[in-house]
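Each chain, letter by letter, is given below.
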Amino acid sequence: MAGSDREELERLVAAAVGGDAGAFSCLTEQYRRELHVHCYRMLGSFDEAEDVLQETLLRAWHGRHTFAGRSTFRAWLYAIATNTCLDHLRRSRRRALPYQLQHPGETGTLEHPGIAWLQPYPDRLLPEGLAIAKETVSLAFLAAIQFLTPRQRAVLLLREVVGWTGPEIAVLLGCSVAAVDSALQRARASLQRRAPDDRHDWAPKPSTEQEDRLVERYIAAHEDADPDRLVQLLADGARFTMPPRAVWFEGRDAVAAEFRRGWGDDRIGDWRLVPTRANGQPAAAAYLRASADHTYRSFGFVVLGVSRDSISEITIFATPQLFAAFGFGTTLS
């Protein structure tokens, strides 16, 4: 950071701590996106991350006099955000994806005791210029860390994503460095057990022309309700989930059979899909026009896992409330 930038930052911090609401807003706006992603990783929910971030900033404003300059203002905000997430997790349900709860093809209900569903995150809101560790926004990684205890989750993210030291985390959590090291070791072991056979499958990859064509072909097959064309795009071990249905399907034939059922004579309407990206992965905003309607209305988001030249995972999130966050309207003409 240049000297003039450092001086301006110090001026803003001093003014914010002194009660200047404008300075506080200007200062916290610099960190809003990365704090939101941190809360999302901790909670697995875009909606809850929004609420917790607002609570974090409110706590920071009311507690501004406690900032003593022993850390950076950014680190101080991360500490407040982490503690706010931990408070929230003590009274909320763990989030997951259906394949983590039961065997494939089992009949699922909309409710699953003690479980809420993971939500997608729009790439358009990922912080610009901030190094986002490759695998830490993927659905597979997010789903896996939800099975850690809240404290293990906090330790893992602060140590391996945010880059804090063991002593810094120990001060935040009010425990010993040995306890931090133990929590980190257990978190890593849990992730190793839940990792894909190829750990690189966790890492979002830059979009390629081959991937773009694959997504275009998927969208065309989905809009035309053509399971035969879909089958040609699927990997042998492809997986399909559609929360909040607590059911999932594994294997090309099983996935194709479920799409044939859903796109058969009793299908609920017609689809239009618009390409986007979520969790560092190719995705599409899905609009549904019901049989008795003339308008395509927001339904949710299709997030695709792509492995080489085929689709390895299809997750359809019924989350119409996230369309504004992804930059889409609620209807499509």
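Each value, and the rule that gives it
Residues numbered from 1 in each chain as written. Predicted model: local features only at pLDDT ≥ 70, side-chain atom pairs only at ≥ 80, totals over all residues. Heavy atoms only, no water. Salt bridge = Lys/Arg side-chain N within 4 Å of Asp/Glu carboxyl O. Helix = DSSP H or I, 4+ residues; strand = E, 2+ residues; numbered from the N terminus. Buried < 20%, exposed > 50% of the residue type's maximum accessible area, 1.4 Å probe, protein only. Arc of directions from axis to C-beta. Polar contact = N/O pair within 3.5 Å; in protein donor to acceptor, adjacent residues only side chain to side chain. Phe/Tyr/Trp six-rings, centres within 6.5 Å; stacked < 30°, edge-to-face > 60°. Lys NZ or Arg CZ within 6 Å of the ring centre and 35° of its normal.

Engineer: How would you sum up the pattern of salt bridges? Please name residues and give values.
Structural biologist: Enumeration according to the criterion identifies 21 salt bridges in this entry. As a salt-bridge pair, Arg74 and Glu34 come within 2.7 Å of each other at their nearest N and O atoms. With a gap of 40 residues between them, Arg74 in helix H5 (residues 73–89) and Glu34 in helix H3 (residues 32–43) connect regions that are remote in the sequence. Classification of Arg74 as partly exposed rests on a relative accessible area of 28%. Since its relative accessible area comes to 10%, Glu34 is described here as buried. Between Arg277 and Glu211 there is a salt bridge; the shortest N-O distance is 3.1 Å. One end of the pair, Arg277, is in strand E5 (residues 269–278); the other, Glu211, is in helix H10 (residues 209–223), with 66 residues separating them in the sequence. Among the charged side chains, a network of salt bridges with common partners joins Glu55, Arg59, Asp87 and Arg90.

Engineer: Break down helix H2 (residues 21–29) for me, with residues and values.
Structural biologist: For H2, the full list of buried residues reads Ala23, Phe24, Leu27 and Thr28. The arc that holds every buried residue of H2, seen down its axis, measures 120 degrees, which confines them to one face. N-cap assignment for H2: the residue whose side-chain oxygen lies 3.0 Å from the backbone N of Gly22 is Asp20.

Engineer: Pulling in residues and values, what's your account of the packing of aromatic side chains?
Structural biologist: The final tally for this structure, using the stated rule, is 16 aromatic pairs. Judged by centre distance (5.4 Å) and plane angle (55 degrees), the ring pair of Phe46 and Tyr121 falls under tilted. Residue Phe46 is found in helix H4 (residues 46–62), and its partner Tyr121 is found in the loop between strand E2 (115–117) and helix H6 (139–145); the two are separated by 75 residues along the sequence. Centroid distance Phe301 to Phe323: 4.6 Å. Interplanar angle 40 degrees. Geometry classified as tilted. Taken together, the residues span a long stretch of sequence, with Phe301 in strand E7 (residues 296–307) and Phe323 in the loop between strand E8 (310–317) and strand E9 (331–332) at a distance of 22 residues. Here the aromatic cluster, defined as three or more aromatic residues joined through ring pairs, consists of Tyr287, Phe301, Phe323, Phe326 and Phe328. A cation over an aromatic ring shows up here: Arg64 above the ring of Trp61, its NZ or CZ 4.0 Å from the ring centre. Directly above the aromatic system of Tyr99 lies the positively charged group of Arg239, at a separation of 3.5 Å from the ring centroid.

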